[in-house]
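Summary of structural features
One-letter residues, chain by chain:
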Amino acid sequence: MSSLEYGLWSIPVLLLLIFLRLPIGLVMLMVGIAGTTLVTGSTVPILAQLKSLVYSTFSNYSLSIVPLFLLMGQFATRGGMSRALFRAAETMVGHRRGGVAMAAVAACGGFGAICGSSLATAATMGQVALPEMRRCGYSGALSTACLAAGGTLGILIPPSVVLVIYAILTEQNIAKLFVAAFIPGILAALGYMLTVSLYVRFRPDSAGSRDKASRAEQIAALIAVWPVMVIFVAVIGGIYSGVFTPTEGAAVGAAGTGIVALINGGLDRKGLVESFLSTASATGMIFFIVLGATVYNGFLAFSQLPQQSAAYVAGLGLSPWTVLVVILICYLIFGCIMDSLSMILLTIPIFFPIVAALDFGLPPEEFALWFGIIVLIVVEVGLITPPVGMNLFVINSMAPNVPLSQTFRGVVPFIASDIVRVAILVLFPGLTLVLVRLLY
């Protein structure tokens, strides 16, 4: 069997092991080691590689941003910032039909700006918003679906852990990726709010009502979210203006959210220890997946699969847009069986060389930024795509009285909103790149 055939066979083997519920980091590590051994005919190359690979992978300066953003999210949760964001949005639009659900989406976007994790955003906002939506008479389908969809904003609105990993894999500028994600993130939040508005118009019984907040309540609620605004402006503004690097920005954000949590009384000694332990656990999981992906990608490089695939697709004479659509459909399918980070680590080393060899009418750097945002959005759709959308299960587990089938039905309009948004951003790359062109 040739090296290329080993590379091709590794993909179904990898997917089979993932389907059998083995940890994806371990699966990629095992397949990478076995594949490299088969291709080279000896264990010496892979053993020599592993001798230094762990240190060289984990000592990557860019990866230090990951635990800092995770810690920032932990502190933000304990500091009551999620509740303050939801309360502020609710006082402004909660009295409208579907307004509490819209407020939940807006709060998810705000919390995503200081969190960077989709699952954490969904879980945190679910604890805050679900009781209020139940109290106001919202249906279980709309309540759980809008929070599952809103949670995906955590990985799209900067800062984003998944964007950091994509930047490392494709050797792109993290700050530019954050800039490129800003407008698509805003479009996502507005699209979900529009979806809620249409949902309650066609199904009026799915949303209850609440009294309009007074002007004093609105002002008090807006004042309560000033720490979030200050931290967001300090972190993102500092990165965009070049005052500090993304890693330094993450450190500033973690320190800022920690101070706010301490002042608000949500961060005692026990809470601090639990925040560090949770961050360490999540970081360890992410880093192990990164290590497994690094070993597997090394095997793919030995097998020449990415290069041969790129040359083969280029030789077919297909339209670049046709190739892109096929790749995006693959991401939608993968989203049903694996999480967003795993998808990025597994597929980018294969798909990126293929599309990078095609002509989309963009300079190489702009194309890499645009493609990264498009992929991130499709990966985000996978998080709410039945039957295995992870956000759906996270939210549904917090609403045991809502059948999972209702959540599945409720999320369909939000998936449609995502597909429309992907189509718009594919057809008009300038929407993604306009801020990058203005700032750099």
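Please refer to the structure placed before this passage.
The following paragraphs examine the structure supplied in this document. (Residues numbered from 1 in each chain as written. Predicted model: local features only at pLDDT ≥ 70, side-chain atom pairs only at ≥ 80, totals over all residues. Heavy atoms only, no water.)

Comments concerning the side chain of Thr91
- By the element assignment, Thr91 lies in helix α5 (residues 81–93).
- By relative accessible area, which is 0% here, Thr91 ends up buried.
- Apart from residues lying up to four places away in sequence, Thr91 is in contact with Ala213, Glu217, Gln218 and Ala221. (Helix = DSSP H or I, 4+ residues; strand = E, 2+ residues; numbered from the N terminus. Buried < 20%, exposed > 50% of the residue type's maximum accessible area, 1.4 Å probe, protein only. Contact = heavy atoms within 4.5 Å.)

Some details on the environment of Tyr61
- Following the sequence through the fold, Tyr61 ends up in the loop between α3 (44–58) and α4 (65–78).
- Sequence separation between Tyr61 and Ile344 is 283 residues, and the spatial gap between their C-alpha atoms is 20 Å.
- Not counting chain neighbours up to four residues away, the residues in contact with Tyr61 comprise Thr245, Thr247 and Glu248.

Notes on the packing of aromatic side chains
- A full pass over the atoms with the stated rule returns 15 aromatic pairs.
- Over the face of the ring belonging to Tyr192 we find Arg421, whose NZ or CZ atom lies 5.8 Å from the ring centre. (Phe/Tyr/Trp six-rings, centres within 6.5 Å; stacked < 30°, edge-to-face > 60°. Lys NZ or Arg CZ within 6 Å of the ring centre and 35° of its normal.)

Details of the packing of helix α8 (residues 140–151) against helix α19 (residues 390–397)
- Between α8 and α19, the shortest axis-to-axis distance is 9 Å and the interhelical angle comes to 130°. When the axes of α8 and α19 are compared, the pair comes out oblique. Classified by chirality, the crossing of α19 by α8 is right-handed. Along the contact surface, α8 presents Thr144, Leu147, Ala148 and Gly151, while α19 presents Asn391, Leu392 and Ile395.
- Looking at the contact of α8 with α19 residue by residue, the class counts come to four nonpolar, three polar and no charged. (Axes fitted to C-alpha atoms, helices over the stretch in contact; angles between N-to-C directions. Parallel < 35°, antiparallel > 145°, perpendicular 65-115°, else oblique. Left-handed = near helix turned anticlockwise from the far one by under 90°. Nonpolar A, V, L, I, M, F, W, Y, C, P; charged D, E, K, R; others polar.)

A short note on the nonpolar core
- Counting 147 residues, the largest nonpolar core has Val66, Leu147 and Phe414 as its most contacted members.
- Residues Ile46, Leu53, Leu291 and Val295 belong to the second largest nonpolar core, which totals five residues. (Core = buried A, V, L, I, M, F, W, Y, C linked by side-chain atoms within 4.5 Å.)

Overview of the pattern of salt bridges
- Within this structure, the stated rule accounts for seven salt bridges.
- Salt-bridge contacts for Glu132 lead to Arg135; the nearest nitrogen and oxygen are separated by 2.7 Å. Here Glu132 and its partner Arg135 are both found in helix α7 (residues 118–135), three residues apart, which amounts to about one turn of the helix.
- For Glu366, the salt bridge is made with Arg437, and the minimal N-O distance between the two is 2.9 Å. Placement of Glu366 in helix α18 (residues 364–382) and of Arg437 in helix α21 (residues 430–439) is noted, with a sequence separation of 71 residues between them.
- Using a relative accessible area of 17% as the deciding quantity, one classes Glu366 as buried.
- Given the relative accessible area of 45%, Arg437 is considered partly exposed.
- Each of the salt bridges in this network shares a partner with another, and the network as a whole consists of Glu380, Asp418 and Arg421. (Salt bridge = Lys/Arg side-chain N within 4 Å of Asp/Glu carboxyl O.)

Re helix α9 (residues 161–170)
- Burial analysis of α9 places eight of its ten residues in the buried class, the great majority of the element.
- For α9, the complete set of buried residues consists of Val161, Val162, Leu163, Val164, Ile165, Tyr166, Ala167 and Thr170.
- Taken together, the buried residues of α9 touch α4, α10 (174–202), α14 (269–303), α17 (340–356) and α18.
- Measuring from the backbone nitrogen of Val162 back to the side-chain oxygen at the start of α9 gives 3.4 Å, which picks out Ser160 as the cap. (Polar contact = N/O pair within 3.5 Å; in protein donor to acceptor, adjacent residues only side chain to side chain.)

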